[in-house]
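Fold and geometry: a report
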Amino acid sequence: MNNILMRLKKNNILRNMCVETTFLKDQLIQPIFVSENVNEKKNIPGIPNNYVMNIKDSLTQIENDLKDKCRNYLIFIVPSNKKEIDFNLDFQQKAISKIKETFKDEIFLWADVCLCSMTSHGHCCVFDKNKNIDLKSSLSYLSKVAVSYAEAGIDGISPSDMMDGRTYAIRKALDNINYNLIPIMSYSTKFASNFYGPFRYAADSTPAFGDRKQYQLDFRNKSEAIRASVRCYNEGADFLMVKPGQGSIDLIEPIKKKTGLMVGAYQVSGEYAGITLAAEKKLFNLDEALLESWHVMKRAGAQFIITYGARKSKDLGISE
Ligand code: PBG
């Protein structure tokens with residue numbers, strides 16, 4: 001009988017010999033939330049082992065993570081002073097420079113670049129006096145944020161705002177002052193998704209009015225979702241990303257094919273919380289389910305995965 005599938009499964013050794021997707025710890029990126037609004041570490045609902053922290057606690061957290069060789073981070077910085085325009089970036093710069101001065105090249109630090117944690121209304125852009133998105137000044141503020149992060153010592157820039165033209169504007173602003181070796185990992189295919197709930201609590205960025213459908217993608221559309229990544233490729237992105245990751249695995253291969261760039265997947269807060277909360281209810285084992293979710297994204301072609309579980313990847317047997 002030609003039952004070759006079962007013949008390949010006799011034991012672990014043989015099954016391991018057949019593994020097609022493996023990954024390294026450095027391909028898992030750990031988000032980290034640093035806020036000017038907290039003294040004590042604050043839990044994030046549905047995201048165990050992840051906290052909103054002050055700068056000092058973030059240093060302790062990274063020091064501990066490094067013991068488990070978790071060294072690739074995406075930082076979200078939440079200032080206390082929210083405004084409509086003319087944002088003050090002192091706290092953001094302080095957070096980045098403290099972390100980079102402390103850990104130098106022991107870590108790679110990406111920064112999420114967006115306006116939603118800084119604006120009083122929680123949107124990712126600024127508005128003109130008629131309450132329309134002011135694209136030109138949004139791009140100018142986003143570029144200023146990216147430049148200020150570069151000056152503070154950031155390793156990589158990750159724009160998440162979904163304003164058309166931001167990757168180009170940021171690349172140009174960075175190159176203008178000789179930061180031409182700082183890579184841009186664009187949130188290139190980012191849907192207006194229900195699954196960002198726990199994050200918005202952590203980043204204090206829930207929109208005060210309306211939603212983000214005027215700039216984030218419609219999850220009913222595939223060709224538009226691919227075009228959005230092609231747009232960032234044309235604008236000079238170094239890495240592309242789909243988000244929510246688990247909900248966008250069908251898009252990874254087509255984007256890679258069209259652009260030739262590496263495409264990562266962001267397992268977003270709501271997707272992660274879905275797994276942890278079900279595991280808390282003993283519906284399945286957390287570690288096994290997480291590992292499966294990561295392998296699914298890898299199998300779909302993800303080059304890297306941004307996940308709230310990166311820091312516990314040692315427990316899951318992922319090698320360096
Ligand atoms: C900021 C931003 C969001 C996420 C990453 N950057 C929220 C949003 O766009 O509303 C979501 C990440 C997550 O849910 O884990 N624009």
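First, a word on scope: everything that follows refers to the structure included in this document. It should be emphasised that the depicted structure is a prediction, and the values quoted were computed from it without experimental measurement.

Turning to the pattern of salt bridges, a few remarks are in order. Where charged atoms of side chains with opposite charge meet at close range, the side chains can pair. Per the stated rule, a full pass over the model turns up 12 salt bridges. Across the pair Lys 82 and Asp 204 runs a salt bridge whose closest N-O atoms are separated by 3.3 Å. Here Lys 82, found in the loop between strand E4 (72-78) and helix H4 (90-103), pairs with Asp 204, found in the loop between helix H7 (197-203) and helix H8 (223-234); they are 122 residues apart in sequence, far enough to count as distant. Accessibility expressed as a relative area gives 24% for Lys 82, which makes it partly exposed. For Lys 312, the salt bridge is made with Asp 287, and the minimal N-O distance between the two is 2.8 Å. With a gap of 25 residues between them, Lys 312 in the segment after strand E10 (305-306) and Asp 287 in helix H11 (residues 286-299) connect regions that are remote in the sequence.

What follows deals with the packing of aromatic side chains. Counted under the stated rule, the structure contains 13 aromatic pairs. Note on Phe 108 and Trp 110: the rings are 5.1 Å apart at their centroids and 50 degrees apart in plane angle, and the pair reads as tilted. Each residue in the set Phe 33, Phe 76, Tyr 187, Phe 199, Tyr 266, Tyr 272 and Tyr 308 is aromatic and connected to the rest through ring pairs, giving one cluster. Above the plane of the ring of Tyr 51 lies Lys 41, whose end atom (NZ or CZ) is 4.1 Å from the centre.

This paragraph deals with the environment of Tyr 308. Within the secondary structure, Tyr 308 sits in the segment after E10. Considering only alpha carbons, one finds Tyr 308 and Asn 50, 258 residues apart in sequence, at a separation of 7.0 Å. In this view, Tyr 308 contacts Gln 30, Pro 31, Phe 33, Ile 47, Asn 50, Phe 199, Tyr 266, Gln 267, Val 268, Ser 269 and Tyr 272; residues no more than four positions away in its chain are not counted. A distance of 2.8 Å separates a polar atom in the side chain of Tyr 308 from a polar atom in the side chain of Tyr 266.

Moving on, we get to the environment of Asn 88. For Asn 88, the position within the fold is in the loop between E4 and H4. Under the relative-accessibility criterion, Asn 88 is labelled partly exposed at 38%. Spatially, the C-alpha atoms of Asn 88 and Leu 261 are 34 Å apart, while their sequence positions differ by 173 residues. Looking at Asn 88, its side chain comes within polar contact range of the main-chain nitrogen of Asp 90, at 2.8 Å.

What follows is about the site of the ligand. Neighbouring the ligand are 19 residues, the closest being Lys 190, Arg 200, Lys 243, Ser 269 and Tyr 308. Between the ligand and Ser 160 there is a distance of 3.3 Å, counted from a nitrogen atom to a side-chain nitrogen or oxygen. In the environment of the ligand, an oxygen atom lies 2.7 Å from a nitrogen or oxygen atom belonging to the side chain of Ser 269. Coverage of the ligand by the protein amounts to 100% of the 400 Å² it exposes when considered alone. When its residues are assigned to classes, the shell around the ligand shows 11 nonpolar, three polar and five charged.

Our focus in this paragraph is the nonpolar core. Formed by 103 residues in total, the largest nonpolar core has its most connected members in Tyr 149 and Ile 157. By residue number, the principal contributor to this core is helix H5 (residues 135-152), which donates nine residues. Residues within four places of Tyr 149 in sequence aside, it is in contact with Ile 77, Gln 92, Ile 96, Ala 111, Asp 112, Val 113, Met 118, Ile 154 and Ile 157.

The rules behind the values
Residues numbered from 1 in each chain as written. Predicted model: local features only at pLDDT ≥ 70, side-chain atom pairs only at ≥ 80, totals over all residues. Heavy atoms only, no water. Salt bridge = Lys/Arg side-chain N within 4 Å of Asp/Glu carboxyl O. Helix = DSSP H or I, 4+ residues; strand = E, 2+ residues; numbered from the N terminus. Buried < 20%, exposed > 50% of the residue type's maximum accessible area, 1.4 Å probe, protein only. Phe/Tyr/Trp six-rings, centres within 6.5 Å; stacked < 30°, edge-to-face > 60°. Lys NZ or Arg CZ within 6 Å of the ring centre and 35° of its normal. Contact = heavy atoms within 4.5 Å. Polar contact = N/O pair within 3.5 Å; in protein donor to acceptor, adjacent residues only side chain to side chain. Near = heavy atom within 4 Å. Areas by Shrake-Rupley, 256 points an atom, 1.4 Å probe, with all protein chains shown as cover. Nonpolar A, V, L, I, M, F, W, Y, C, P; charged D, E, K, R; others polar. Core = buried A, V, L, I, M, F, W, Y, C linked by side-chain atoms within 4.5 Å.

In short, geometric facts, not functional conclusions.
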